[in-house]
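Reading the structure
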Amino acid sequence: MEKKYKTKDYLASRIISYGKELESKEYDRVYYRTNEDLQELCRGVEIEGKDVYSVLASSDHIFNARYLKAKSVDAFDINRLTIYYFYLRLWTLKYKNELYPNILGHNHRWLGELLKQVKPKNEMEQIALTHFKKHYITDTNFSNLFFLLDSQPTGYTCFQTPEDLRDCLSPELDFQRIDLFEEQEVKKDYDVIFISNILDRSRKDLNKTTTAAENLSQMTRKDGVVLCSNLIFRRMEDLEREREIFSPYFEKEQKGHSYVYHRK
Ligand SMILES: C[S@@+](CC[C@H](N)C(=O)[O-])C[C@H]1O[C@@H](n2cnc3c(N)ncnc32)[C@H](O)[C@@H]1O
């Protein structure tokens, strides 16, 4: 990670913790846990032994793919703060044997005890540790840093307990900060890509849908799949237009509240 980001990321998250919004697309609140049904999304999809690329978000998609024995799991997100949360999730699992961090009730003692135990194994883990130590020292109120679940659909993961993730705690994660709606220089392709409900956000600008389809067509191997959720109400005609834009590269399969694009 470039040096300038270490301070910038901390300052941005500090501003968000005061309940303010930043204009930069690079920073936002982070999803505390998934609001998608990952069990439904993954049903019938072969993940074991596959190369997976996933939105990072709450990290639930990453742990879910690791739990389903993906060969490799790389991550992307438009929000730079998601990679920090990945490490907080990892430490929570590793040192506290809990699935989600106990930080929303301004519980600084819990965080202080956790951070004391962390022994970073790579540069990004060290950066994340310094980041959360600064938050600890400055007594950040974490509640504003997260999208909470009260007003969201309930999410489901394939793993149920911290023990399920015992073999999924590698601190190595190849993370790229990208905007799926901007043209990407694609260097690697994948068997399975999780894009959550990102396409919901392009429904008012079909140029964004087109760019996302082009990016995904390069990122997905032949016969690979892109797994999508539909959480915001979209009209049938919006979904049909999206399908048409994807149709030169993908066949669509509906799956309850989710859908899959199969690479042709
Ligand atoms: C679409 S959101 C919704 C939460 C999601 N349903 C879940 O269960 O985690 C998931 C993630 O997508 C990221 N995201 C949104 N728009 C994006 C874009 N254009 N490119 C890359 N990531 C994006 C957000 O930063 C967020 O972390």
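First, a word on scope: everything that follows refers to the structure included in this document. (Residues numbered from 1 in each chain as written. Predicted model: local features only at pLDDT ≥ 70, side-chain atom pairs only at ≥ 80, totals over all residues.)

1. What to know about the nonpolar core
Operational definition: Think of a nonpolar core as buried Ala, Val, Leu, Ile, Met, Phe, Trp, Tyr and Cys residues chained together by C-beta atoms that fall within 7 Å. With C-beta atoms placed from the backbone, a residue is labelled by how many other C-beta atoms lie within 10 Å of its own: buried for 20 or more, exposed for 12 or fewer, partly exposed between the two. Runs of H or I in DSSP of at least four residues are treated as helices and runs of E of at least two as strands, each being numbered from the N terminus. Note on contacts: residues are paired as contacts if their backbone-placed C-beta atoms lie within 7 Å.
Membership of the largest hydrophobic core comes to 64 residues, with the highest contact counts inside it found for V52, L56, I193, I195, V226 and L227. Looking at this core, the element that brings in the most residues is helix α4 (residues 82–96), giving nine residues. Once you skip the residues sitting within four places of it in the chain, I195 turns out to touch V55, L180, V226 and C228.

2. Side note on the pairing of strand β8 (residues 250–255)
The condition that has to hold: When DSSP finds two or more bridges between two strands, those strands count as paired.
Pairing geometry for β8 and strand β9 (residues 258–263), over six bridges, is antiparallel. Of the residues in β9, the one forming a bridge with Q254 is Y259. Linking β8 to β9, which pair antiparallel, is a turn of two residues; within it G256 sits at a positive phi near 65 degrees.

3. Points about the sheet that holds strand β6 (residues 190–196)
What counts is decided by this rule: Each axis is a line fitted through C-alpha atoms, taken for helices only over the stretch in contact, and angles between the N-to-C directions span 0 to 180 degrees.
Spatial ordering of the open sheet is given by β5-β3-β2-β6-β7-β9-β8, a layout of seven strands whose pairing is mixed. The open sheet has two free edges, formed respectively by β5 (175–177) and β8, since each of these has just one partner strand. The average undirected angle you get between the axes of adjacent strands in this sheet is 20 degrees. Bridge count for strand β2 (residues 51–55) against strand β3 (residues 72–77) is five bridges, and the pairing is parallel.

4. As for the site of the ligand
Filter applied, for reference: Here, nearness means that the C-beta atom of a residue, built from backbone geometry, sits within 6 Å of the molecule or strand in question. When residues are grouped by polarity, Ala, Val, Leu, Ile, Met, Phe, Trp, Tyr, Cys and Pro land in nonpolar, Asp, Glu, Lys and Arg in charged, and all others, Gly among them, in polar.
The full set close to the ligand counts 23 residues, and T34, A57, I78, N79 and L180 are the nearest of them. Class assignment of the residues belonging to the shell around the ligand gives a composition of nine nonpolar, nine polar and five charged.

5. Things to note about unusual backbone geometry
Unlike most non-glycine residues, S59 shows phi in positive territory, near 80 degrees. If you trace the backbone, S59 turns up in the loop between β2 and α3 (60–67). C-beta crowding within 10 Å serves as the criterion here: with 27 such atoms nearby, S59 is assigned to the buried category. Within the chain, N97 stands out as a residue other than glycine whose phi angle is a positive 55 degrees. With respect to the helices, strands and loops of the structure, N97 is situated in the loop between α4 and α5 (108–117). Classification of N97 by C-beta neighbours within 10 Å gives exposed; the count is 12.

6. Some points on the environment of P101
As for its position among the elements, P101 is in the loop between α4 and α5. The class for P101 is buried, based on 21 C-beta atoms found within 10 Å. Here the alpha-carbon distance between P101 and T209, two residues 108 residues apart in the chain, equals 34 Å. Not counting residues within four places of it along the chain, the set of residues in contact with P101 comprises L88, R89 and T92.

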